[in-house]
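# Inside the fold
Next come the chains, spelled out residue by residue.
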Amino acid sequence: MKITLSVLAAGTALLAGCFQDSTAQHSTFLPLDYLTKFQAVRTCRAVPAHGLGYQRVLANDVAAGPYTTGSYPLPPGSVVAAEQHAESTCTSLSGFYLMAKDNPGYDAANADWHWQRLDANQRVLEDGRLQTCSSCHAQPPCNDYLCSPP
Ligand code: HEC
C-alpha cells in the first residue's frame, strides 16, 4: 500500500510537471530569434510604471516604421516588445512586456491591442485583453496605447 501511494504521488508530480510545461507556451508574437528580426526603437531606460527595472523597446517590421515616426494608429500585425532588465545597461534580461495589434474587432474598445507578459524564455505568463495593461496605456500622453517617448 505504501509503495502504491508513493508511486501514485510520483506519477502525479510527473503529470503536474508536464501539465505546467504544456500550458507555458512560447509567445507566438515574439520569434525566438527576435534579435535578428526586430529593430530596437527605443533606448534602454528606467520605466517606473512597470516596476523598479529598465526596459528596451523593439518592434517587428510592420510596427517599426510607424512607431518611430509616430504614425498612429499602428496597423494590424504590429508587434512592440519591451525587454525588461534589472540594470541600467539592459544586459540581463528578466522578461518581456508585449503589445500586438490583433485583427480588427479583437478588442475594439481598446484599439485591438493583445497584451502579454513573458518570462525571460519568452513563455507566456499573462495573455489577452489585459485590463491592467490597457487601462494605464489609455492615459495621456499615450497615443494608440503607446506610451514610450522617443
Ligand atoms: C501604471 C501604468 C502602466 C501599466 C499598468 C502598464 N504599462 Fe506599459 N508602459 C507604461 C509607460 C508609462 C510606458 C512608457 C515608458 C517609457 O518609455 O518611458 C510603457 C511602455 C510599454 C511598452 C513599450 C511600447 C510603448 O510605447 O508603450 C510596452 C510594450 C508595454 N508598456 C506593455 C505593457 C504590458 C504588456 C502591460 C501589462 C502587463 C503594461 N505595459 C502595463 C505604463 C504602464
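For the structure itself, consult the block above.
Since the model is a prediction, treat every value here as computed from it, not as a measurement.

Rules and cut-offs
- Within each chain, residues carry numbers counting from 1 in the order of the written sequence.
- A pLDDT threshold of at least 70 governs which residues receive local features in this predicted model, and a stricter bar of 80 or more applies before side-chain atom pairs are shown or counted, although totals over entire chains, interfaces and linings include all residues.
- All residues are tested the same way: a C-beta atom is placed from the backbone, and lying within 6 Å of a molecule or strand makes the residue near it.
- Numbering of helices and strands runs from the N terminus, with a helix taken as a DSSP run of H or I at least four residues long and a strand as a DSSP run of E at least two residues long.
- A pair of residues counts as a contact when their C-beta atoms, built from backbone coordinates, are separated by no more than 7 Å.
- Strand pairing follows a simple DSSP-based rule, namely that at least 2 bridges must link the two strands.

The ligand sits among 22 residues. The nearest are A49, C133, C136, C147 and S148. Contributing elements (two or more residues each) for the shell around the ligand: β3 (79-85), β4 (93-101), β5 (113-119) and α4 (131-137). Here the element with the most residues in the shell around the ligand is α4; it accounts for 4 residues.

In this structure, A63 sits in helix α3 (residues 61-69). Spatially, the C-alpha atom of A63 lies 6.1 Å from that of V79, the residues being 16 residues apart in sequence. Apart from residues lying up to four places away in sequence, A63 is in contact with L74, S78, V79 and V80.

Let us now look at the pairing of strand β6 (residues 124-128). Looking at chain direction, β5 and β6 are connected through 4 bridges and run antiparallel. From the neighbouring strand, R117 faces β6, where its bridge partner is E126. The antiparallel hairpin formed by β5 and β6 contains 4 residues in its connecting segment, where Q122 sits at a positive phi of about 65°.

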